[in-house]
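Each chain, letter by letter, is given below.
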Amino acid sequence: MAEIIERNYEMEEEDTQKGKYLTFVVGNEVYGIEIRYVTEIIGIQAITEVPELPVYIKGIINLRGKIIPVMDVRLRFNKEPKEYNDRTCVIVVDIGDISIGLIVDSVSEVITIPDEDIVPPPQVNKVQNRYIKAIGKVGNDVSLLLDCEKLLNDDEVAALSEL
Amino acid sequence: MKEVILTPLAEEAKPTAPKPIIDLGEEIPQPNTEKAVKEAGKSEPKAKPSGGEPGVKQQSLISVNVNKLDLLLDLVGELVISEAMVTRHPELEGLPLDNFHKAARQLRKITNELQDLVMSIRMVPLAATFQKMHRIVRDMSRKLGKEVHLKVVGEETEVDKNIIEHISDPLMHLIRNAMDHGIETAEERRRKNKPAYGTVTLEAKSAGSDVLIEVRDDGRGLNRERILEKAKQNGLLTKDEAELSDRDVFGFILLPGFSTKEEVTEFSGRGVGMDVVVKEIHEIGGTVLIDSTPDVGTVFTLKIPLTLAIIDGITVRVGKAKYSVPTTSIRESFQIKAEDLITDPDGNEMIMIRGQCYPVLRLHQLFNVQTHVTRIDEGVIVMVENNEKGLCLFVDELLGEQQVVVKALPKYIKKVRGIAGCTLLGDGSISLILDVPGLIQMMTA
């Protein structure tokens, strides 16, 4: 009996982060990012520009002594740049051994999307939705679930390292 | 005679090398009135002199993961910044807070000491690395059938932990080289009226913010003619032979695949190695110098920075961006008049200083920064140099000098041309550290 409880407990421990997504808004769309990638959310900070980077990498910030790059998700998705305001947030994510800040219009909430509500993105011939891993249904809305690795690792970045 | 030289060297080196520890020992008790600390401070310098002889010393050591030290360093850096943010808070301005300022001064003193202490924790004496070399010399002596003595001087010189890791292999290689190529056979040595045994000297000494490590042998020295011949065969000669200085010629042996040795032994002669040594040393911002006199010996000098973690830097401003230039690479800074600027037909700008012409690099153009200061007489020229090559950087203004903690750029950004790293300034803002050797190479290559 005790064993079963323990096993259940362990499973719960493992699964606390599963199916949870942090949703945020960029432009008109709601995006979701798996919560296990997210370390923290901070307001917009003074950004130090670094030369020779692609436009969507805005520069680096000082996060309590740690220096991390910040990426403007708007620019990453080739949308119009927008002035930062007090709703603008930086979502600090840890992907692999890379910490990076994602600048988004605003952060909404943490929601649970069960697996059955997640559908693969429609097959479009264009490469447009390469950053979208899947689409989650939340009530009547949809949220585009981001593929974090793709967001970072890209031919463009590879080209950058060869500079 | 040799022993006479050796003793003063060892004596000299001793007070300089453990200095940070003794200094700290003496400094800590001053702000703290607790007796316990005072006693600890007193007992430490006493224990030090005996620390040189093994057996007598009573050391209690713990090994700590370097990552933890890095974290500690980061945290202390943060502490220093928050201290400045609190004590120089704008809301305190103009208030009569004598006692507050007194307390704040005390806080500042302690945080600064804490920072120095964390820095000194990372410093490790070279002794352990040097000890390893004894074995190599012993093993190789036996295998090569040459009697070679290793003399170690200045092993208590301390360098940063990160650097220690990078110099062990190069040193090993240089010592092997010295024994295999440098030191002659006993017979040959007798003919040359040298003692039958060869001597390899490994000497470390600090010189300002650098540490010099010399690997010196009393062997046959480098053969200028042989090296030149080999260089010619490999098509490395670009200048006239007579124009090349000894250092230039000896520099060839640092190139990949270069060996004048006809046969390959177990230890050396493959022509791989010296280039690896150079690469490793360059990686930590050091340089390799070679001096050699026929039949007297060869000296390889590794000049390496004391620490990678901290540099003295001058902070300059360009537009809204701030950059730190390592103070060691700055020769001077000055303002010039517009008419001093010479522009060649290609649009390259240069200035003449004391009969020498230097290229001018406008940082705002290089890094594409918006600034109002574009007229040469409005800004400041900072002349930097590396390996006797000079370059004039044009910046908006100088902000001041301070010690900065070097941090690498985030991995994701990788390498940016002309930037060596970044650092946090006292107000929490980030400044980019200029890669002076890189910039100079970029402009002169």
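Heads up: the structure comes first, above all this text.
Just so it is clear, the model here is predicted, and its values are computed rather than measured.

Scanning chain A from terminus to terminus reveals four helices and eleven strands. Within the span of chain A, comprising 163 residues, buried residues form 44% of the whole. Summarising the internal contacts of chain A: among those between residues at least 6 apart in sequence, 53% fall at separations of at least 24.

For the rest of this paragraph, the subject is unusual backbone geometry. Despite not being glycine, Glu52(A) has its phi angle at roughly 65°, a positive value. Mapped onto the elements of the fold, Glu52(A) is located in the loop between strand S3 (38-43) and strand S4 (57-63). Overall, Glu52(A) belongs to the partly exposed group, its relative accessible area being 25%. At Asn368(B), a position not held by glycine, the phi torsion is positive, near 60°. You can see Asn368(B) is positioned in the loop between helix H12 (363-366) and strand S14 (380-386). Exposure remark for Asn368(B): the relative accessible area of 66% places this residue in the exposed category.

Turning next to the environment of Lys150(A). Residues and elements named next belong to chain A. Within the fold, Lys150 resides in helix H3 (residues 148-152). Of the residues examined, Lys150 reaches a relative accessible area of 41% and is grouped as partly exposed. When the C-alpha atoms of Lys150 and Lys133 are compared, they prove to be 9.1 Å apart, with 17 residues separating the residues in sequence. The residues contacting Lys150, other than those within four sequence positions of it, are Arg76, Arg130 and Tyr131.

Looking now at a positive patch on the surface. Residues and elements named next belong to chain B. Residues Arg138, Arg142, Lys143 and Arg176 make up a contiguous surface patch of positive charge. Sort the elements by how many residues they give to the positive patch and helix H6 (residues 127-144) lands first, with three residues. Mapping Arg176 onto the fold places it in helix H7 (residues 161-182).

To continue, consider the sheet that holds S4(A). Residue and element names in this part refer to chain A. Read from one edge to the other, the open sheet built from five strands follows the order S3-S6-S7-S5-S4, with strand pairing classed as mixed. Each of the sheet's edge strands pairs with one partner strand only, and the pair in question is S3 and S4. Put simply, the sheet's adjacent strands are angled 30° from each other on average, direction ignored. For S3 and strand S6 (residues 89-95), the ladder comprises five bridges, and the chain directions are antiparallel. Bridge assignment links Glu40 to a residue of S6, and that residue is Val92.

This paragraph deals with the interface of chain A and chain B. It is common to report an interface's size as the accessible area lost on association of the parts. Counting residues at the interface gives 24 residues for chain A, matched by 18 residues for chain B. Across the interface of chain A and chain B, roughly 2,000 Å² is buried in total on both sides, 68% from carbon and sulfur atoms. Ranking the residues of chain A by area buried against chain B places Pro51(A), Glu52(A) and Ile67(A) at the top, with a combined share of 28%. Here chain A is connected to chain B by one salt bridge. For Arg417(B), the salt bridge goes to Glu52(A), with nearest N and O atoms at 2.8 Å. Between the two partners, chain A and chain B, sit one residue pair in polar contact (both at pLDDT 80 or more). Those elements that provide at least two residues to the side of chain A that touches chain B are S4, strand S5 (66-72), strand S7 (98-104), H3 and helix H4 (155-161) of chain A. Grouping the constituent residues of the side of chain A that touches chain B by class yields 16 nonpolar, four polar and four charged.

Below, the discussion takes up the environment of Thr199(B). All names here are of chain B. Relative to the assigned elements, Thr199 resides in strand S4 (residues 198-207). Judged by its relative accessible area of 11%, Thr199 falls in the buried class. Apart from residues no more than four positions distant in its own chain, Thr199 is found in contact with His149, Lys151, Ile183, Arg216, Asp217 and Asp218.

Conventions and cut-offs
Residues numbered from 1 in each chain as written. Chains lettered and ligands numbered in written order. Predicted model: local features only at pLDDT ≥ 70, side-chain atom pairs only at ≥ 80, totals over all residues. Heavy atoms only, no water. Helix = DSSP H or I, 4+ residues; strand = E, 2+ residues; numbered from the N terminus. Buried < 20%, exposed > 50% of the residue type's maximum accessible area, 1.4 Å probe, protein only. Contact = heavy atoms within 4.5 Å. Patch = residues over 30% accessible without salt bridge, like charges linked within 9 Å, V, L, I, M, F, W, Y side chains within 5 Å. Areas by Shrake-Rupley, 256 points an atom, 1.4 Å probe, with all protein chains shown as cover. Salt bridge = Lys/Arg side-chain N within 4 Å of Asp/Glu carboxyl O. Lys, Arg positive; Asp, Glu negative; His and termini not counted. Charge placed at Lys NZ, Arg CZ, Asp CG, Glu CD. Pairing = 2+ DSSP bridges. Axes fitted to C-alpha atoms, helices over the stretch in contact; angles between N-to-C directions. Buried area = accessible area lost by both parts, 1.4 Å probe. Polar contact = N/O pair within 3.5 Å; in protein donor to acceptor, adjacent residues only side chain to side chain. Nonpolar A, V, L, I, M, F, W, Y, C, P; charged D, E, K, R; others polar.

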